Amino acid sequence: DAGVTQTPRHEVAEKGQTIILKCEPVSGHNDLFWYRQTKIQGLELLSYFRSKSLMEDGGAFKDRFKAEMLNSSFSTLKIQPTEPKDSAVYLCASSLWDQDTQYFGPGTRLLVL
Amino acid sequence: QQKVQQSPESLIVPEGGMASLNCTFSDRNSQYFWWYRQHSGEGPKALMSIFSNGDKKEGRFTAHLNKASLYVSLHIKDSQPSDSALYFCAVSRMGYKLTFGTGTSLLVDP
């Protein structure tokens with residue numbers, strides 16, 4: 001079974017650039033999540049989709065972060081413009097339904113200079 | 001809003017020893033409890049779930065849940081170097097998404 005795939009695995013951006021991270025969830029899963037992980041804040045939810053509909057678009061992240069589900073098997077997270085404080089690991093996860101196991105991708109490590 | 005706290009922040013145990021990880025949560029209506037494990041360079045993976053009060057054992061791993069005390073724990077018996085990882089507690093209830101804890105970093109010293 002193919003798990004969650006994320007590309008790229010590493011990204012280096014200059015401050016002010018636009019970057020797009022990609023995620024392919026497990027086939028057949030209805031829920032998709034984007035998280036940001038840092039040592040200080042831990043796992044923070046950025047966006048949550050159910051059957052392609054945006055259910056939650058995390059508060060403080062709204063202004064520069066935009067997640068989309070183009071179809072049931074592909075999602076993007078756009079950060080525009082990037083700032084050095086955005087340096088973190090961005091994780092995508094999917095699950096069958098909201099109380100089921102979440103399956104995580106390997107993450108994209110973003111460094112903003 | 002659900003608050004999930006884990007302790008200790010980091011833990012070192014000798015190979016073959018017992019590791020005990022703790023988690024407290026704030027929502028008394030919480031129903032579903034998960035432990036996730038994350039090895040360096042990978043995404044978190046679900047280790048085990050527990051939904052009823054008491055103990056649940058899966059191999060070397062035992063989860064304990066006490067909903068009245070707002071407490072869940074994970075015990076790893078006969079710890080192996082491959083158990084060295086970041087462990088997350090995650091809590092939810094019907095209609096609400098998972099809330100992850102702050103994480104415990106476990107190092108098993110060979």
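Rules used throughout
- Residues numbered from 1 in each chain as written.
- Chains lettered and ligands numbered in written order.
- Predicted model: local features only at pLDDT ≥ 70, side-chain atom pairs only at ≥ 80, totals over all residues.
- Heavy atoms only, no water.
- Helix = DSSP H or I, 4+ residues; strand = E, 2+ residues; numbered from the N terminus.
- Rg over C-alpha atoms; globule rule 2.2 N^0.38 Å.
- Buried < 20%, exposed > 50% of the residue type's maximum accessible area, 1.4 Å probe, protein only.
- Contact = heavy atoms within 4.5 Å.
- Lys, Arg positive; Asp, Glu negative; His and termini not counted.
- Charge placed at Lys NZ, Arg CZ, Asp CG, Glu CD.
- Phe/Tyr/Trp six-rings, centres within 6.5 Å; stacked < 30°, edge-to-face > 60°.
- Pairing = 2+ DSSP bridges.
- Axes fitted to C-alpha atoms, helices over the stretch in contact; angles between N-to-C directions.
- Disulfide = S-S within 2.5 Å.

(A) Seen up close, the overall build of chain A. In terms of regular secondary structure, chain A is built from zero helices and 11 strands. Its helices and strands in sequence order give chain A the pattern β-β-β-β-β-β-β-β-β-β-β, from N to C terminus. Since a compact globule built from 113 residues should have a radius of gyration of about 13 Å, the 13 Å found for chain A is in line with a globular shape. With the principal axes as the frame, chain A shows a C-alpha extent of 35 × 25 × 25 Å. Split into buried and exposed, the 113 residues of chain A put 49% on the buried side. For chain A, the share of sequence-separated contacts (at least 6 apart) that also reach a separation of at least 24 residues comes to 54%. In chain A, which carries 13 positive and 14 negative side-chain charges, the distance between the mean positions of the two groups comes to 5 Å.

(B) Geometry of the packing of aromatic side chains. By the definition in use, this model includes 13 aromatic pairs over all chains. For the ring pair A:Phe104 and B:Tyr36, a centre distance of 5.9 Å and an interplane angle of 85° mean the geometry is edge-to-face. Highlighted residues: A:Phe104 in strand β10 (residues 103-104) and B:Tyr36 in strand β4 (residues 32-38), drawn from two different chains. In this structure, A:Phe104 and B:Tyr36 share a single accessibility class: buried. Joined through ring pairs, the aromatic side chains of A:Phe33, A:Tyr35, A:Tyr48, A:Phe104, B:Tyr32, B:Trp34, B:Tyr36, B:Phe51, B:Phe88 and B:Phe100 make up one cluster.

(C) Looking closely at the sheet that holds strand β8 (residues 74-79) of chain A. All names here are of chain A. The four strands are arranged β1-β3-β8-β7 in an open sheet whose pairing can be described as antiparallel. With one partner strand each, in any of the chains shown, β1 (5-7) and β7 (65-71) form the two edges of the open sheet. Averaged over all adjacent pairs, the angle separating strand axes in this sheet is 20°, with direction ignored. Of the strand pairs in this sheet, β7 and β8 are connected by six bridges, and their pairing is antiparallel.

(D) Broad picture of the state of the cysteines. Going through the model one piece at a time under the given rule, you end up with two disulfides over all chains. Two residues, A:Cys23 and A:Cys92, share a disulfide whose sulfurs are 1.9 Å apart. Given an S-S torsion of about -70°, the disulfide between A:Cys23 and A:Cys92 has left-handed geometry. One end of the pair, A:Cys23, is in strand β3 (residues 19-24); the other, A:Cys92, is in strand β9 (residues 88-95), with 69 residues separating them in the sequence. On the basis of relative accessibility, which here comes to 1%, the residue A:Cys23 falls in the buried class. On the accessibility criterion, A:Cys92 (0% relative accessible area) is buried. Here B:Cys23 connects covalently by a disulfide to B:Cys89, the sulfurs 2.0 Å from one another. Looking down the S-S bond of the B:Cys23 and B:Cys89 bridge, the torsion is -65°, so its handedness is left-handed.

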